[in-house]
Amino acid sequence: VSPPAAGGRPCNAKDFGHGSLVCACSATYCDTLDPVVLPAPGTYVKYESSKAGKRLERSEGSFQHNAETPDFHLTLDTAQRYQKVKGFGGSVTDSAAINIQSLSKDAQNHLLRSYFSEEGIEYNLVRVPMASTDFSIRLYTYADAEGDFELKHFNLTEEDTRMKV
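Residues numbered from 1 in each chain as written. Predicted model: local features only at pLDDT ≥ 70, side-chain atom pairs only at ≥ 80, totals over all residues. Heavy atoms only, no water.

Trainee: Help me understand the packing of aromatic side chains in this model?
Mentor: Geometrically, a pair of aromatic rings is defined through the distance of the ring centres and the angle of the planes. Across all of its chains, the model carries 5 aromatic pairs by this definition. An angle of 50° between the planes, with centres 5.4 Å apart, marks the rings of Tyr 142 and Phe 154 as tilted. Of this pair, Tyr 142 sits in the loop between strand 6 (125–127) and helix 3 (158–164) while Phe 154 sits in the loop between strand 6 and helix 3, and the two are 12 residues apart along the sequence. A relative accessible area of 41% places Phe 154 in the partly exposed class. Ring pairs connect the aromatic residues Tyr 115, Phe 116 and Tyr 123, which therefore count as one cluster. (Phe/Tyr/Trp six-rings, centres within 6.5 Å; stacked < 30°, edge-to-face > 60°. Helix = DSSP H or I, 4+ residues; strand = E, 2+ residues; numbered from the N terminus. Buried < 20%, exposed > 50% of the residue type's maximum accessible area, 1.4 Å probe, protein only.)

Pasting the structure below:
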């Protein structure tokens, strides 16, 4: 595992056409973020990406009480709680795992750090689909025997043992 970067590293922007840029991550370089620190009460930190080339560009601001702005209005009721956020993450599908495994070990390390480390976007949850999905290269299930409610024919596939478990 590589040591954490000291401070953020800028996007290595590549244009693959279609009017937008992507940040290229390789075995030797991957962009990183400064560690995320909670802002002071009454202030916020915004990370913005855009088709014009912004890539997780950080900016800060403060909330204005009862401010009227023509382009954006947000009302926060801090006394009302609807749900608790447990975390943020993504899905590791067969196609995602195939692409990750096609990278060199160093590039895999950079990529995974950019998702899960403090110098990345700090994902802390991952959804792993059960059996095949529309992002699989073939259809498969875990229990193909009809009526097998005791799962005597349950079996993990190569995709599970090689890419998910």
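Trainee: How should the state of the cysteines be read in this particular structure?
Mentor: Overall, the coordinates contain 2 disulfides when judged by the stated rule. The disulfide partner of Cys 11 is Cys 23, and the S-S distance across this bridge is 2.1 Å. Negative torsions about the S-S bond denote left-handed disulfides, and the value of about -115° found for Cys 11 with Cys 23 makes this one left-handed. Within this pair, whereas Cys 11 is found in the segment before strand 1 (13–15), its partner Cys 23 is found in strand 2 (residues 21–23), the two being separated by 12 residues in sequence. Residue classification places Cys 23 among the partly exposed residues on the basis of a relative accessible area of 27%. What pairs with Cys 25 in a disulfide is Cys 30, and their sulfur atoms sit 2.1 Å apart. Taking the torsion about the S-S bond as the criterion, the Cys 25 to Cys 30 disulfide, at about -120°, is left-handed. Relative accessible area serves as the criterion here: at 29%, Cys 25 is assigned to the partly exposed category. Judged by its relative accessible area of 4%, Cys 30 falls in the buried class. (Disulfide = S-S within 2.5 Å.)

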